[in-house]
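Reading the structure
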Amino acid sequence: MSRSTHAQLASTLAEKLSLITANTQEVLNREIIEEILTKNDRPLRVYWGTATTGKPHCGYFVPMLKIADFLAAGCEVIILLADVHAYLDNLKAPIELVGLRVQYYRLCITALLQAVNVDIARLKFVTGSEYQYSPKYMRDLLTLSTQVSVHDASKAGSDVVKQVESPPMSSHIYPLMQALDEEHLDVDAQFGGVDQRKIFTLAVESLPRIGFRKRAHIMNPLIPGLQEGGKMSSSDPDSKIDLIEPAEVVRKKLKKAFCPPKQVEGNGVLSFVEHVLLPASKFKNGGVAKFSVPRRDAETKEYSDIKQMKEDYLADTLSPQSLKPAVTEALLEILEPLRKAFEESDEWRDVETRAYPPPPAPEKKKKKEKNLGSRFPGAGAGAEKESNGKADVVAQPDGHVEGKGAHELNVAVKGLAVQDSEEGSKGKA
Ligand SMILES: N[C@@H](Cc1ccc(O)cc1)C(=O)O
């Protein structure tokens, strides 16, 4: 079934409501949604915001599949590329890179939605800085700041904004602006991961204090990362898979993934099937979820829901040795159009290198000076020690390193950059 058939099916109130709330963990003020659907004189308006910090990863499939549901239920959907928030959150995106990251996010999100066959005609992208610097927005922000205590603002942001010892003012402004966005984007509901819950309740409580209506909030669950005990997108690069990741890296990461036999809780591989691969398969198989697991010495297992898979996994009739390769192949299949689009787009590749440049290399080591004798200025034990005879890797002005061993260094440095910038993109999944 194509997306449009899917949309036509969701024509009754009950069908729309069940599509809007499918696979969510929690919905606050559901009656707001019901009222608008019952009146039926205009579409429900929903937005999802993402701070444009680190590179989007495979966990982004989860909100994208939900956005697909909203569109199929006839909603008007806005994706907010929250560039100002990316900067307010402890400068996770430096101001000079923020614009490029917005472009990068937009390209990734569009490709992600296309990979799950979503018709994006009724989807609107808005960039935060387009309206958040307006006098009206600023006036509303200041008014809101008179109605929220520093304590409440700081508590609201605690699962989202990077927590540091001496928090900058911007980390308190962040949740206030997220609340205000609901009014300025003129929506009925905000959608996000359950990690946004405290900001959502702040919005429910504080907007009416300054004369704005409260909105409904729809929350999707967060999926565990691929490593033990972590969330996808935490600082461990092995815990998540980039959208544009070479096939061999995808294979390696899944091989290393935490997937103990007979353990369902906190099993990132199984969760990925539950929240991404099974729901995404619907859009390829005429609306029916399907996941196949070929097994070496037995017939292929075909699943249409996670319940049966979990039961088999607990009983060990579905083993990690069969599950992992099946997940790897299914993931490579949904990533394939993204990789292809990336490789074919000069714009996308160019934006990627400019939006995520490698950080400046650690201080340049001096090349070993020729021994010019002890009377040469600067000569002495210190200089000798500093050069240390290891000048085979040289930092270039753009922060790149060249020379023997440079490949490993560039990879390591790039990995670090991703870790840094992604610390705050936790919980997007
Ligand atoms: N807090 C969201 C980003 C966001 C910013 C502003 C909003 O209005 C909505 C969402 C995140 O963690 O990425």
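Remember, it's a predicted structure, so these values are computed and weren't measured experimentally.

Turning our attention to helix H11 (residues 247–256). Listed as buried for H11 are Val250, Lys253 and Leu254. Take H11 and look down its axis: the buried residues cluster within an arc of 95°, on one side only. Exposed residues pointing more than 90 degrees away from the buried face of H11 are listed as Glu248, Lys252 and Lys255. Of the surrounding secondary structure, the elements contacted by the buried residues of H11 are helix H12 (268–281) and helix H14 (320–344).

Strand E6 (residues 216–220) sits mainly inside the fold: five of its five residues count as buried. Where burial is concerned, the two faces of E6 agree: the one with Ala216, Ile218 and Asn220 and the one with His217 and Met219 are both buried. Relative to E6, strand E1 (residues 26–28) runs antiparallel, the two being bridged by three bridges. Of the residues in E6, the one forming a bridge with Val27 is Ile218. Examined bridge by bridge, strand E5 (residues 189–193) and E6 share five bridges and lie parallel to one another. Across the sheet, the residue bridging to Gln190 is His217, located in E6. The parallel pair E5 and E6, bridged by helix H10 (residues 197–206), forms a crossover whose chirality is right-handed.

Turning our eyes to something else, we now look at the site of the ligand. Around the ligand, the structure places 14 residues, and the nearest of them are Tyr47, Tyr174, Gln178, Asp181 and Gln196. At 2.7 Å, a side-chain N or O of Tyr47 approaches an oxygen atom of the ligand. When the free accessible area of the ligand is taken as 340 Å², the share hidden by the protein chains comes to 97%. The set of elements that each furnish at least two residues to the shell around the ligand consists of strand E2 (45–51), strand E3 (76–82) and helix H9 (170–184). Looking at the shell around the ligand, the element that brings in the most residues is E2, giving four residues.

In this section: the sheet that holds E3. Spatial ordering of the open sheet is given by E1-E6-E5-E2-E3-E4, a layout of six strands whose pairing is mixed. Looking at strand neighbours, the two that pair on one side only are E1 and strand E4 (123–127), the edges of this open sheet. In this sheet, neighbouring strand axes are inclined to one another by 25° on average, regardless of whether the strands run parallel or antiparallel. Sheet topology places E3 next to E4; five bridges connect them, and they run parallel. Residue pairing across strands places Ile78 opposite Lys124, the latter belonging to E4. Across the sheet, H10 is in contact with E1, E5 and E6; its angle to E6 comes to roughly 175°.

In this section: the pattern of salt bridges. With the rule as written, the count across this model stands at 23 salt bridges. Lys92 is the partner of Asp89 in a salt bridge, and the nearest nitrogen-oxygen pair spans 2.5 Å. Residue Asp89 is classed as buried on the basis of its relative accessible area of 3%. It is possible to trace a salt-bridge network through shared partners that takes in Arg42, Asp186, Asp188 and Arg213.

Another aspect to go through is the nonpolar core. Of all hydrophobic cores here, the largest spans 87 residues; its most connected members are Phe61, Ile67, Phe291, Leu323 and Leu338. Looking at which element gives the most residues to this core, the answer is helix H6 (residues 95–115), with eleven residues. When residues of this core are sorted by domain, at least three fall in each of domain 1 (3–220) and domain 2 (237–349). Beyond its immediate sequence surroundings of up to four residues, Phe291 is in contact with Val273, Leu277, Leu278, Lys301, Glu302, Tyr303, Met309, Leu323, Ala326, Val327 and Ala330. Grouped together as the second largest cluster of nonpolar side chains are 33 residues, Ala82, Ala179, Val187 and Leu207 included.

Next up on the list: the confidence of the model for the protein chain. For the protein chain, per-residue confidence averages 84 on the pLDDT scale, and residues scoring 70 or more make up 81% of the total. Predicted confidence is poor over residues 1–8, with pLDDT under 50, and the contacts of this stretch with residues over four places away or in other chains come to 18 contacts. Confidence drops under pLDDT 50 across residues 374–429; counting only partners more than four residues distant or on other chains, this segment forms 92 contacts. Both scores are available for the predicted complex, with the pTM at 0.82 and the ipTM at 0.99.

Right, let's talk about the packing of aromatic side chains for a bit. The full count for this structure, using the stated rule, is six aromatic pairs. Arranged with centres 5.2 Å apart and planes meeting at 80°, the rings of Phe70 and Phe191 form a pair that is edge-to-face. A residue pair is termed long-range when its members are at least 10 positions apart, and Phe70 in helix H4 (residues 61–72) and Phe191 in strand E5 qualify at 121 residues. This pair shows no difference in class: Phe70 is buried, exactly as Phe191 is. Arranged with centres 5.3 Å apart and planes meeting at 85°, the rings of Phe342 and Trp348 form a pair that is edge-to-face. The same class applies to Phe342 and to Trp348, which are both buried. Three or more aromatic residues joined by ring pairs form one cluster here, namely Trp48, Tyr60 and Tyr105.

The rules behind the values
Residues numbered from 1 in each chain as written. Predicted model: local features only at pLDDT ≥ 70, side-chain atom pairs only at ≥ 80, totals over all residues. Heavy atoms only, no water. Buried < 20%, exposed > 50% of the residue type's maximum accessible area, 1.4 Å probe, protein only. Helix = DSSP H or I, 4+ residues; strand = E, 2+ residues; numbered from the N terminus. Arc of directions from axis to C-beta. Contact = heavy atoms within 4.5 Å. Pairing = 2+ DSSP bridges. Right-handed = clockwise from strand over helix to strand, strands pointing away. Near = heavy atom within 4 Å. Polar contact = N/O pair within 3.5 Å; in protein donor to acceptor, adjacent residues only side chain to side chain. Areas by Shrake-Rupley, 256 points an atom, 1.4 Å probe, with all protein chains shown as cover. Axes fitted to C-alpha atoms, helices over the stretch in contact; angles between N-to-C directions. Salt bridge = Lys/Arg side-chain N within 4 Å of Asp/Glu carboxyl O. Core = buried A, V, L, I, M, F, W, Y, C linked by side-chain atoms within 4.5 Å. Domains from an automatic or database assignment. pLDDT = per-residue confidence, 0-100. Phe/Tyr/Trp six-rings, centres within 6.5 Å; stacked < 30°, edge-to-face > 60°.

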